[in-house]
Amino acid sequence: MAQAVAEATAVLSAAGVPSPRVDAELLADHLLGVGLGRLRALLLGDAPEPNNYWALVEQRARRVPLQHLTGTAYFRHLELAVGPGVFIPRPETESVVQLAVDRLAEVLAQASSATGSYGSSEARGPGVPGGQDVQDSPDMPGAPVVVDLGTGSGAIAGSVAYEVPRARVYAVELSAKAYAFAQRNLAALPVSLVQGDLRTAFPELDGRCEVVVSNPPYIPAGAVPREPEVANHDPQLALYGGGADGMELPAAAAATAARLLKPGGYFVLEHAEVQAEQMASLLAASGCWIDIRTHRDLNGRDRATSGVRSAGTGEWR
């Protein structure tokens, strides 16, 4: 197996795979199911290579996404089922979730201080799994309402529901294939999931939401993603935002957020680095938002914009 993994690493490296050694190990572990720690111990001995290993390596060398081959993507504390037809969640979106989780922690802390109704453990927070039973949170009177617009695999909605068990979480997804994955991934979490258009989603929640978060499609119409895994395997419905600048769906998500949020509610949206200034200008021009901020991802790129719903009605254009 050690020789096979070394040869697979060379093959994947020659094919331009960004992390050839890790991928070679993960494919072996996918077949063995022993965990990376145990796998690396086995590589020190004379364990045989796994059956069907090279079939997976050859597909990965053709730049089939690793997650399609294993059927799994890891996102914050969640293990998500993924495959053809659903957007594979990216690490940069974890930072967007953190902004939503931090805002909810502030909201719950203020509510607890004011009424004493939320107890002492409002959110699990990053890196702190476990805690309260998530199943009781949707029935908490006065719990903050959160909406995820365009949930895809359910990564954002599921993470918020898991990490902030006191919140009521709602999610909408248009694609039938992605919706099926979201159903599977959110089945054990207290998320109200619907299939539909983010433009018209949840009219019954108008003016009631505390947080709206979205990672909508935002790639401009004429752009082609650099990575073959994205260009050839992620669904186009999840990639292209509409219009020459890709801003139709981000703008639609902002309009829906303005409708859903109560005054003082928080909206955060992921976008391309080159869209940061345009997104901030769009929010400012509507008159619906105050405290508009641009947020950088872990690589220092401007990848999200947030705003607080103003008390006035504004005019979305």
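Quick note: structure is the one above.
The following refers to the structure shown. Note that the coordinates shown come from a computational prediction; the quantities given were computed from them, not determined experimentally.

With that settled, consider the overall build of the protein. The helix and strand tally for the protein stands at 11 helices and 9 strands. Looking at the protein as a whole, 51% of its 317 residues are labelled buried. Nonlocal contacts in the protein, meaning residues at least 24 apart in sequence, comprise 64% of its contacts between residues at least 6 apart.

Right, let's get into unusual backbone geometry. Despite not being glycine, Asn52 shows a phi value in the positive range, around 70 degrees. Inspection of the secondary structure puts Asn52 in the loop between α3 (36-42) and α4 (53-61). One non-glycine residue with positive phi stands out, namely Arg63, at about 70 degrees. Following the sequence through the fold, Arg63 ends up in the loop between α4 and α5 (66-70). Judged by relative accessible area, which is 13%, Arg63 ranks as buried.

With that settled, the discussion passes to helix α8 (residues 176-186). Listed as buried for α8 are Ala178, Tyr179, Phe181, Ala182, Asn185 and Leu186. The buried side chains of α8 occupy one side of the element, clustering within an arc of 160 degrees when seen end-on. In α8, the exposed residues that point more than 90 degrees away from the buried face are Ala176, Lys177 and Arg184. Its buried side turned inward, α8 meets β2 (78-81), α7 (155-163), β4 (168-173) and β5 (191-195). The backbone nitrogen of Lys177 lies 3.3 Å from a side-chain oxygen of the residue at the head of α8, namely Ser175.

Quick look at the packing of helix α2 (residues 20-32) against α4 now. Following both chains from N to C, one finds α2 and α4 inclined at 140 degrees, their axes separated by 10 Å at the closest point. In this view, α2 runs oblique relative to α4, as classed from their interaxial angle. You can see that α2 and α4 cross each other, and the crossing is right-handed. For the pair formed by α2 and α4, the contact residues are Asp23, Ala24, Leu27, Ala28, His30 and Leu31 on the first element and Tyr53, Leu56, Val57 and Arg60 on the second. The residue inventory of the contact of α2 with α4, partitioned by class, reads 7 nonpolar, 1 polar and 2 charged.

A separate point is a nonpolar patch on the surface. Nonpolar side chains collect at one region of the surface, where Leu31, Leu32 and Val34 lie side by side and expose about 200 Å² of accessible area between them. With a relative accessible area of 36%, Leu32 lands in the partly exposed category.

Moving on, we get to the environment of Arg208. Mapped onto the fold, Arg208 is located in the loop between β5 and β6 (209-214). According to the relative accessible area criterion, Arg208 is partly exposed, its value standing at 42%. Each C-alpha atom of the pair Arg208 and Leu260 lies 6.3 Å from the other, and the pair is 52 residues apart in sequence. Excluding anything up to four places from it in sequence, Arg208 contacts Val145, Leu260 and Lys262.

Conventions used here
- Residues numbered from 1 in each chain as written.
- Predicted model: local features only at pLDDT ≥ 70, side-chain atom pairs only at ≥ 80, totals over all residues.
- Heavy atoms only, no water.
- Helix = DSSP H or I, 4+ residues; strand = E, 2+ residues; numbered from the N terminus.
- Buried < 20%, exposed > 50% of the residue type's maximum accessible area, 1.4 Å probe, protein only.
- Contact = heavy atoms within 4.5 Å.
- Arc of directions from axis to C-beta.
- Polar contact = N/O pair within 3.5 Å; in protein donor to acceptor, adjacent residues only side chain to side chain.
- Axes fitted to C-alpha atoms, helices over the stretch in contact; angles between N-to-C directions.
- Parallel < 35°, antiparallel > 145°, perpendicular 65-115°, else oblique.
- Left-handed = near helix turned anticlockwise from the far one by under 90°.
- Nonpolar A, V, L, I, M, F, W, Y, C, P; charged D, E, K, R; others polar.
- Patch = residues over 30% accessible without salt bridge, like charges linked within 9 Å, V, L, I, M, F, W, Y side chains within 5 Å.
- Areas by Shrake-Rupley, 256 points an atom, 1.4 Å probe, with all protein chains shown as cover.
- Salt bridge = Lys/Arg side-chain N within 4 Å of Asp/Glu carboxyl O.

These results come straight from atomic positions and should not be treated as a statement about function.
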